[in-house]
Amino acid sequence: MEGNSIKPSNRSTQVESFKVMHVLRRANQLEAEGKTIYHCEVGQPESGAPKNVAQAAVAALNGDANQSRLGYTDAFGLIALREKIAEHYREKYSLPADKEVGTDRIVVTTGSSGGFLLAFTACFDAGDVIAVASSGYPCYRNIGGALGLELANVPINEEFKLTANELRKEIDERKASGKKRISGVILSSPSNPTGAMLSVQELKDMCELCEKEGVRFLSDEIYHGISYDEEAATALSFSSTAIVINSFSKYYSMSGWRLGWMVLPPDLVDPINTLQQNMFINAPTISQTAAIQCWEPETIAELETHVAKYRKSREFILKQMDSISEIPSKNIAPADGGFYVYIDLGEELVCREKGLGSTEMCRMLLEEKGVAFTPGTDFEDPAGNLGDRRFRISYAGGTTVVADAMNHFKDFWPYWVKRVQEAKM
């Protein structure tokens, strides 16, 4: 009987897919068929975990019974790892005495994704409004939507940033129109997909605005360590109420180890402890054990060689894009940090009424040239029309892959321009 039918929840059917994974799946299918694929779609470092980290995991597995049991840890994680994280904040960010991070405020999570779920459930209730950048990481929207949160997509500025100026405008407009107030904001700096990074002053202004307006700030800092001109600042320097979320997946090159951490304000320590106990128990013990090696001098030296490769690939892509006259420099996000270049084709280089947007361009590029880029539909405000105009290039996959991919893209480019022009006639 229809009334007794078993079906998926409305929540699960209303959540959008993570579209870059569709690109990866098709790229892997073509690769399995024997086609050479240049993977510039996912933000996964070419390198595996640092040597010391991998060796520590092997040692833990091969130790005596007590060492290799790898059972449950404290819900907040191994104290030795949390001590390393606390030391990292003291040394890297030179936090003032009143902002220093104790191990009691650090929770080791199952990747940053586990951190997002814990943070959203601890900070917000169904129906609360959270602000996200109009160009941003799609899982913010998708996880928030699954939890019944309402989203305020705040337009980024001409520098591809969401700053306190844009957030203040959204807050003021909501007050004037009687809309629900914003309860929280989440953004990454450096950003995925744009690579744009808030300056120290811009981050300070964001923290101060959020505290003044009673908005919980979730600062996603997973690309810290990967920046090219200026060092990224942490929200911990300016806020006593912000949550900082980080991960071992990007700078530390441990994407498959599913490990991250959060630094919590005091009022969220007990709620998140309870949620962690019930949702995850603890982050993977083998990953925690190995990650203690992440801040050893030889490990950092190895990781900095990765950043040098990212820098080289970034410079190559930006130089190649500069040689494409049809795309003005203002349409290319600044790529201050992380390992992405984000590009807006503009209205002149798409013809969406004929199905020729960035989604189709990326599909053709993959099928014909074996180059995997990600269309902007994964990152843009779904209520707008910019998603099918923009695309992201990941340069996490190595300098050779990037060079080959860009050479193939430049070969493909005149064909794309011609096809769009013909479609517009």
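Residues numbered from 1 in each chain as written. Predicted model: local features only at pLDDT ≥ 70, side-chain atom pairs only at ≥ 80, totals over all residues. Heavy atoms only, no water.

### Overview of empty space enclosed by the protein
(1) Moving on: Throughout the structure, instances matching the rule amount to three cavities of 30 Å³ or more.
(2) Moving on: Computed from the structure, the largest cavity encloses a volume of approximately 130 Å³.
(3) Moving on: Examining the composition of the lining of the largest cavity, we find that three residues originate from one element, strand β5 (residues 182-188), more than from any other.
(4) Moving on: Considered class by class, the residues forming the lining of the largest cavity number eleven nonpolar, seven polar and one charged.
(5) Moving on: Reported here for the second largest cavity is a volume of approximately 70 Å³.
(6) Moving on: Lining of the second largest cavity is provided by Glu 46, Ser 47, His 306, Lys 309, Tyr 310, Ser 313, Tyr 395, Ala 396, Gly 398 and Thr 399.
(7) Moving on: Looking at the lining of the second largest cavity, the element that brings in the most residues is helix α12 (residues 297-322), giving four residues.
(8) Moving on: Of the residues assigned to the lining of the second largest cavity, the class counts are three nonpolar, five polar and two charged. (1 Å grid on protein atoms, 1.4 Å probe; cavity = no way out; pocket = protein on both sides within 12 Å on 5 of 7 lines; lining within 4 Å. Points joined across faces, edges and corners; volume = space filled by probe spheres on them. Helix = DSSP H or I, 4+ residues; strand = E, 2+ residues; numbered from the N terminus. Nonpolar A, V, L, I, M, F, W, Y, C, P; charged D, E, K, R; others polar.)

### A few points about unusual backbone geometry
(1) Moving on: Looking along the chain, the bond that leaves Ser 189 and enters Pro 190 is cis, with omega of -5°.
(2) Moving on: Tracing the chain through its elements places Pro 190 in the loop between β5 and α9 (200-213).
(3) Moving on: In this structure, the amide linkage connecting Asn 192 to the following residue, Pro 193, adopts the cis form with an omega of 20°.
(4) Moving on: For Ser 253, which is not a glycine, the phi torsion comes out positive at approximately 60°.
(5) Moving on: Within the secondary structure layout, Ser 253 lies in the loop between β7 (243-247) and β8 (260-263).
(6) Moving on: Residue classification places Ser 253 among the buried residues on the basis of a relative accessible area of 3%. (Buried < 20%, exposed > 50% of the residue type's maximum accessible area, 1.4 Å probe, protein only.)

### Remarks on the nonpolar core
(1) Moving on: In this structure, Tyr 89, Phe 217, Phe 248, Phe 373, Phe 409 and Trp 413 are the most contacted members of the largest nonpolar core, which totals 100 residues.
(2) Moving on: Excluding residues within four positions of it along the chain, Phe 409 makes contact with Met 321, Ile 324, Met 361, Leu 365, Phe 373 and Phe 391.
(3) Moving on: Of all hydrophobic cores here, the second largest spans 23 residues; its members include Leu 118, Phe 120, Tyr 140 and Ile 245. (Core = buried A, V, L, I, M, F, W, Y, C linked by side-chain atoms within 4.5 Å. Contact = heavy atoms within 4.5 Å.)

### Observations concerning the side chain of Thr 299
(1) Moving on: Along the chain, Thr 299 turns up in helix α12.
(2) Moving on: For Thr 299, a relative accessible area of 1% translates into the label buried.
(3) Moving on: A distance of 2.9 Å separates a polar side-chain atom of Thr 299 from the backbone oxygen of Gln 293.
(4) Moving on: For Thr 299, the contacting residues outside a window of four places in its chain are Pro 50, Asn 52, Gln 293 and Cys 294. (Polar contact = N/O pair within 3.5 Å; in protein donor to acceptor, adjacent residues only side chain to side chain.)

### Some thoughts on the packing of aromatic side chains
(1) Moving on: Applying the stated rule across the entire model yields 23 aromatic pairs.
(2) Moving on: A centroid spacing of 5.3 Å and a plane angle of 75° characterise the contact between Phe 339 and Tyr 340, whose relative ring orientation is edge-to-face. Of the two residues, Phe 339 and Tyr 340, both sit in the buried class.
(3) Moving on: Within the aromatic cluster, the residues linked to one another by ring pairs are Tyr 89, Tyr 93, Phe 248, Tyr 251, Tyr 252, Trp 261 and Trp 295.
(4) Moving on: For the cation-ring pair, Lys 92 lies above Tyr 93, with the distance from its terminal atom to the ring centre recorded as 5.9 Å. (Phe/Tyr/Trp six-rings, centres within 6.5 Å; stacked < 30°, edge-to-face > 60°. Lys NZ or Arg CZ within 6 Å of the ring centre and 35° of its normal.)

### With respect to the pairing of strand β9 (residues 340-344)
(1) Moving on: The element β9 is extensively covered by neighbouring structure, given that five of its five residues are classed as buried.
(2) Moving on: Burial of the side chains of β9 extends over both faces: Tyr 340, Tyr 342 and Asp 344 are buried on one face and Val 341 and Ile 343 on the other.
(3) Moving on: In this structure, β9 lies alongside strand β12 (residues 390-394), joined through five bridges in antiparallel fashion. Each bridged residue has a counterpart across the sheet, and for Tyr 342 the counterpart in β12 is Arg 392. (Pairing = 2+ DSSP bridges.)

### Remarks on the sheet that holds β12
(1) Moving on: Pairing within the open sheet is antiparallel, and its three strands lie in the order β9-β12-β11. Every interior strand has two partners, whereas the edge strands, β9 and β11 (374-375), have only one.

### So, the layout of surface pockets
(1) Moving on: Of the volumes computed, that of the largest pocket is approximately 460 Å³.
(2) Moving on: Lining the largest pocket are 25 residues, with Phe 18, Gly 43, Tyr 137, Lys 250 and Arg 258 sitting closest to its centre.
(3) Moving on: Secondary structure elements with two or more residues in the lining of the largest pocket: α2 (20-32) and α6 (111-123).
(4) Moving on: Computed from the structure, the second largest pocket encloses a volume of approximately 390 Å³.
(5) Moving on: Breaking the lining of the second largest pocket down by element, the ones donating at least two residues are α1 (10-14), α7 (138-146) and β4 (150-154).
(6) Moving on: If one sorts the elements of the lining of the second largest pocket by residue count, α7 sits on top with five residues.
(7) Moving on: Among the residues making up the lining of the second largest pocket, the classes are represented as six nonpolar, ten polar and eight charged.

### A short note on α6
(1) Moving on: For α6, which comprises 13 residues, the first-to-last C-alpha distance of 19 Å matches the rise-based estimate of 18 Å (1.5 Å per residue) to within 8%.
(2) Moving on: Burial in α6 covers these residues: Gly 111, Ser 112, Gly 114, Gly 115, Phe 116, Leu 118, Ala 119 and Phe 120. (Expected span 1.5 Å × (residues − 1).)

### Here we look at the pairing of β5
(1) Moving on: Counting buried positions along β5 gives seven out of seven residues, so the element sits mostly inside the fold.
(2) Moving on: Where strand β3 (residues 129-133) and β5 come together, three bridges link them in parallel fashion. Residue pairing in the sheet places Val 129 in a bridge with Ile 182 of β5.
(3) Moving on: Examined bridge by bridge, β5 and strand β6 (residues 216-220) share five bridges and lie parallel to one another. By the bridge assignment, Val 185 is partnered in β6 with Phe 217.

Nothing here speaks to function; it is all geometry.
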